[in-house]
Amino acid sequence: MTQVKAFLNGIYPRSEPLVSITRDYDRGRTGEQELKQGFQQDLEALIDLQVSSGLDYLSDGMLNWQDLYHPIVGMAEGLKAGPLERSFNTNTFYRQPIVAGNVRLQRSDDVDSEFFHRDGSQETLWKAVLPSPYLFSRVAANEFYHDENELMMAFTTELLKPLTQRLVERGISFIQLNEPYLVSHKPRLQDVKLFQEAIEAFTKDLNARVCIHTHFGDAEPIMEHLLDFEVDAIGIDFLETDLDSLTGYDFEMELVCGCVNSRSSLIEDEEVVYAFAHRTIEQLNPPICYLTTNTGLEFVPEEIARNKVRLLGRVAERLRTGG
Amino acid sequence: MDALQTHEIGSLSKLSWRVKAIQGRTLGAEDLTSAKNWGERLGIAYQGLIDLLQRAQQEKLSEADRAEVMRWSSRYAIKMLEQTGLDVIYDGEQQRSEMYHYPVSHSQGFEFRGTVRSFDNKYYRKAACVAEPKLSRPYHLDEFRFARDHAEKPLKVPITGAYTLADWSYDEYYSKGSFQIGSEFGRAQRNQARRRFVLDVARNLIRPNIETLVEAGAEWIQIDEPAVTTHPEEVPLFVEAFEASTQGIDCQFSAHICFSDYTRLFPDILSMENCSEFALEFANRDSTALGVNPQVRTGYEILTRFKEHRVDKRIGVGVVDVHSDFIEPPDLIRDRILYAVEVLGDPARVNPTPDCGLRTRTWDVAYEKLSNLVAGAEMAARSMS
């Protein structure tokens, strides 16, 4: 019997008031205090939204992350922020991490104070989203390590793992590693194997659920390899992946089911999402199915994102209660 | 064909008096001082503007007055760009709000849905297509006529292209009802809807705009398509939309693409017969060390692909970064130009440009960057002669 849960995926959009505050802050028209207050108000509203929608793991929505890499670059030795690069097939850009020396977690003191927010409740489950080592090693400009794979392993053991351990100590129990690169650029088999080794090193003795979430591409071509990874869950972008193409796989892993389009302003028909999620559970029969959007909701305005979160909550509840 | 023809890409930031007067915000003494200082610096008889701004301090400006403020802004930008020494200019897009917002808000069939982030704390308002896009009236014609009547140098009109307008919009019209999730069929539905959307924007919005500009005397139109490589599999659709927008129209056309993986453009762009120049961003990804070799000019590596594919178009080579206040010295710009000439093998195929529009820089920074661009181009020309 598949358990059904739901959560947010990645970066959540800022509200229109917070957009104005951050703009004003950049232009020197408002101060640090107003900025902090703006983020805090958005955070509280987002937590309320997740709770009222019945989501199972809560997220801070990465509201103050500029992109998936920038805060991590700021916490590390050996990395600096480089030029703007387009983030996959979106109209969103990131500062390319430049690897200029030995990569190492440096500023662990502000890991949880600046970039990962959670309240003190021990009963709530929290998740965090981080870049997968394979993704990071491919989007970074490597000016130091022998090759991308050497960077991937160094990033995993010296930065990603200590950072994650710190998060787990703080009570975050679900780690989602975003991995769009693997499904949008055909990988070499030997690189996939090295990625698998990096993930093994990452998850060893880590007291949290770990998911590799693929998005912006069809997961099927890489699925037979991913199912061998030492992780708890695999995430699939079902806007890009044909469910029927996965039915031959023995899906014993938990499934993160990206079934709501985070890049469309149209709010999906609840019946269509429900029917698809139901069919997915029937066909793949994973132990847990986490309903979510195919990627972070940062690609739609906050009001639309809010409606998509509520939709996820409603569909999850119907699946749990049998319709 | 002129060698090393310098031109800008499009936008400049708007001076504070232009922003506040249009938004109906209170103008301070510093805003009027800025209008006077730039007016004097550019040799503009600015008293008419000052009178207008002083009136704006006392009362709400009428629609006609606000249009006049925008024309003043165009006048300033034209003179500023001419004074930097560029060979080809426009008006810094001073009469537009922004490259996406302006065309969409002057077209039928779109509704704004809210704000989304582009990067850092930079955002744009994103619209949804809710009906077949239609042109209310040509939305660049008045600004072009004004620029034509006030500029002394040749003009190049920047216009946002069909692919980018569609890509940066949500589609609630063509893909309505195609909600299939997790299926090939759903993907095919979305792709078909996408093609109809892009081509309707090309035929119904971009082409009629271009036709009226050409009738009014435009000789060079730059189609801005920063979204082109967003979906690499759709580069053929961009090419199709470019052709649908321009085919059979007697005008020089160029395409501006930036912050993209240019390798994804090949081989499809080789068939773009109506395009005479690809203006691309390079400086953002280059080192600032001097030198004319591939080890130093890392940002210009992609030029070799244009050489390998024997692309016979001119390349607008971005030699100043638009996202940094660093003022590139002329000798760095010279070396970037010389390297581009060396790779492409012909100075007539190199047009030095900024990476993109300079709207995120102050006028002081933009002026210095563009003046140095011209100085660098002159140095490069001298060293080749």
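Above this text you will find the structure in question.
This structure is a prediction, so every number in the text was calculated from the model and none was measured.

*Asks:* Tell me what's going on with the overall build of chain B, and back it up with residues and numbers.
*Replies:* Of regular secondary structure, chain B possesses twelve helices and nine strands. Its C-alpha atoms give chain B a radius of gyration of 21 Å, within 12% of the compact-globule value 21 Å for 385 residues. Each principal axis of the C-alpha atoms in chain B carries an extent, and together these give about 65 × 55 × 40 Å. Relative to its full complement of 385 residues, chain B shows a buried share of 61%. Within chain B, contacts between residues separated by at least 24 positions form 76% of all contacts whose residues are at least 6 apart in sequence. In the structure as shown, chain B presents an accessible area of about 14600 Å², 47% of it carried by carbon and sulfur atoms. Of the side chains in chain B, 47 bear a positive and 57 a negative charge, and the two mean positions are spaced by 4 Å.

*Asks:* Lay out the pattern of salt bridges with the relevant residues and their values.
*Replies:* Enumeration over the complete set of coordinates arrives at 48 salt bridges over all chains. Linking arginine 318 of chain A and glutamate 270 of chain A is a salt bridge whose minimum nitrogen-to-oxygen distance equals 3.1 Å. Highlighted residues: arginine 318 of chain A in helix H11 (residues 302-321) and glutamate 270 of chain A in helix H10 (residues 270-284), separated in sequence by 48 residues. For glutamate 328 of chain B, the salt bridge goes to lysine 369 of chain B, with nearest N and O atoms at 3.0 Å. On the criterion of sequence distance, the pair formed by glutamate 328 of chain B in the loop between strand E8 (314-320) and helix H11 (330-344) and lysine 369 of chain B in helix H12 (residues 363-384) is long-range, its members being 41 residues apart. The class for glutamate 328 of chain B is buried, based on a relative accessible area of 2%. Taken together, the shared-partner salt bridges in this structure form one network comprising Arg138, Glu148, Arg188 and Asp191 of chain A.

*Asks:* I'd love a proper account of the sheet that holds strand E9 (residues 350-354) of chain B, names of residues and values included.
*Replies:* Residue and element names in this part refer to chain B. The parallel open sheet is built from six strands, whose spatial order is E3-E5-E6-E7-E8-E9. Strands at the two margins of the open sheet, each flanked by one partner only, are strand E3 (157-160) and E9. Neighbour-to-neighbour, the strand axes of the sheet open up by a mean angle of 25°, direction not taken into account. Each of E8 and E9 touches H11; the most contacted strand, E8, lies at about 155° to it. Set on the sheet, H12 makes contact with E8 and E9; between it and E9 the angle comes to about 160°.

*Asks:* Report on the interface of chain B and chain A, specifying residues and quantitative values.
*Replies:* Where the parts come together, the accessible area they lose is often given as the size of the interface. Each partner contributes to the interface: chain B provides 39 residues, whereas chain A provides 45 residues. Summing both sides of the interface, chain B and chain A together bury roughly 3600 Å²; the carbon and sulfur share of this comes to 48%. Taking the shortest distance from any N to any O, the salt bridge between aspartate 120 of chain B and arginine 95 of chain A comes out at 2.6 Å. Between the two partners, chain B and chain A, sit 20 residue pairs in polar contact (both at pLDDT 80 or more).

*Asks:* Give a description of the packing of aromatic side chains that names residues and reports values.
*Replies:* The tally for this structure, following the rule as stated, stands at 36 aromatic pairs over all chains. Taken together, a centroid distance of 5.3 Å and an interplanar angle of 75° make the contact between tryptophan 38 of chain B and tryptophan 363 of chain B edge-to-face. One end of the pair, tryptophan 38 of chain B, is in helix H2 (residues 29-42); the other, tryptophan 363 of chain B, is in helix H12, with 325 residues separating them in the sequence. With respect to class, tryptophan 38 of chain B is no different from tryptophan 363 of chain B; both count as buried. Taken together through their ring pairs, the aromatic side chains of Phe88, Tyr134, Tyr181, Phe195, Phe216, Phe229 and Phe299 of chain A make up a single cluster. Stacked on the ring of tyrosine 274 of chain A, the Lys or Arg arginine 318 of chain A has its end atom at 4.2 Å from the ring centre.

*Asks:* Summarise the environment of glutamate 172 of chain B; cite the residues concerned and give the values.
*Replies:* Take glutamate 172 of chain B: it is sitting in the loop between strand E4 (170-171) and helix H8 (184-215). The class of glutamate 172 of chain B is buried, set by a relative accessible area of 12%. As a C-alpha pair, glutamate 172 of chain B and alanine 131 of chain B span 41 residues in sequence and 8.0 Å in three-dimensional space. Excluding residues that lie within four positions of it along the chain, glutamate 172 of chain B makes contacts with Ser265 and Leu266 of chain A together with Arg113, Ala128, Cys129 and Val130 of chain B.

*Asks:* Which residues make up the pairing of strand E6 (residues 252-257) of chain B, and what values go with them?
*Replies:* All names here are of chain B. Of all six residues in E6, five are buried; the element is thus mostly enclosed. In this structure, strand E5 (residues 220-224) lies alongside E6, joined through five bridges in parallel fashion. Bridged to tryptophan 220 within E6 is glutamine 252. Crossover E5 to E6 through helix H9 (residues 235-246) is right-handed.

*Asks:* Which residues make up the sheet that holds E4 of chain B, and what values do they have?
*Replies:* Backbone hydrogen bonds are what pair the strands of a sheet, in a parallel or an antiparallel way. Residues and elements named next belong to chain B. With respect to topology, three strands assemble into an open sheet ordered E1-E2-E4, the strand pairing being mixed. The open sheet terminates on both sides in strands that have one partner only, identified here as strand E1 (107-119) and E4. For strand E2 (residues 122-135) and E4, the ladder comprises two bridges, and the chain directions are parallel. Residue pairing for E4: cysteine 129 is matched across the bridge by aspartate 171.

*Asks:* Break down a positive patch on the surface for me, with residues and values.
*Replies:* Residues Arg27 of chain A together with Arg25, Lys122 and Arg359 of chain B make up a contiguous surface patch of positive charge. With respect to the helices and strands, the residue lysine 122 of chain B is situated in strand E2. Its relative accessible area of 36% is what places lysine 122 of chain B among the partly exposed residues.

*Asks:* I'd like a description of unusual backbone geometry, backed by residues and values.
*Replies:* Residue and element names in this part refer to chain B. Residue proline 267 follows phenylalanine 266 across a cis peptide bond; omega there is 0°. Note that proline 267 resides in the loop between E6 and strand E7 (275-280). Of note in the backbone geometry, leucine 4 takes a positive phi value of approximately 50° without being a glycine. Relative to the elements of secondary structure, leucine 4 occurs in the segment before helix H1 (16-23).

Rules used in this analysis
Residues numbered from 1 in each chain as written. Chains lettered and ligands numbered in written order. Predicted model: local features only at pLDDT ≥ 70, side-chain atom pairs only at ≥ 80, totals over all residues. Heavy atoms only, no water. Helix = DSSP H or I, 4+ residues; strand = E, 2+ residues; numbered from the N terminus. Rg over C-alpha atoms; globule rule 2.2 N^0.38 Å. Buried < 20%, exposed > 50% of the residue type's maximum accessible area, 1.4 Å probe, protein only. Contact = heavy atoms within 4.5 Å. Areas by Shrake-Rupley, 256 points an atom, 1.4 Å probe, with all protein chains shown as cover. Lys, Arg positive; Asp, Glu negative; His and termini not counted. Charge placed at Lys NZ, Arg CZ, Asp CG, Glu CD. Salt bridge = Lys/Arg side-chain N within 4 Å of Asp/Glu carboxyl O. Pairing = 2+ DSSP bridges. Axes fitted to C-alpha atoms, helices over the stretch in contact; angles between N-to-C directions. Buried area = accessible area lost by both parts, 1.4 Å probe. Polar contact = N/O pair within 3.5 Å; in protein donor to acceptor, adjacent residues only side chain to side chain. Phe/Tyr/Trp six-rings, centres within 6.5 Å; stacked < 30°, edge-to-face > 60°. Lys NZ or Arg CZ within 6 Å of the ring centre and 35° of its normal. Right-handed = clockwise from strand over helix to strand, strands pointing away. Patch = residues over 30% accessible without salt bridge, like charges linked within 9 Å, V, L, I, M, F, W, Y side chains within 5 Å.

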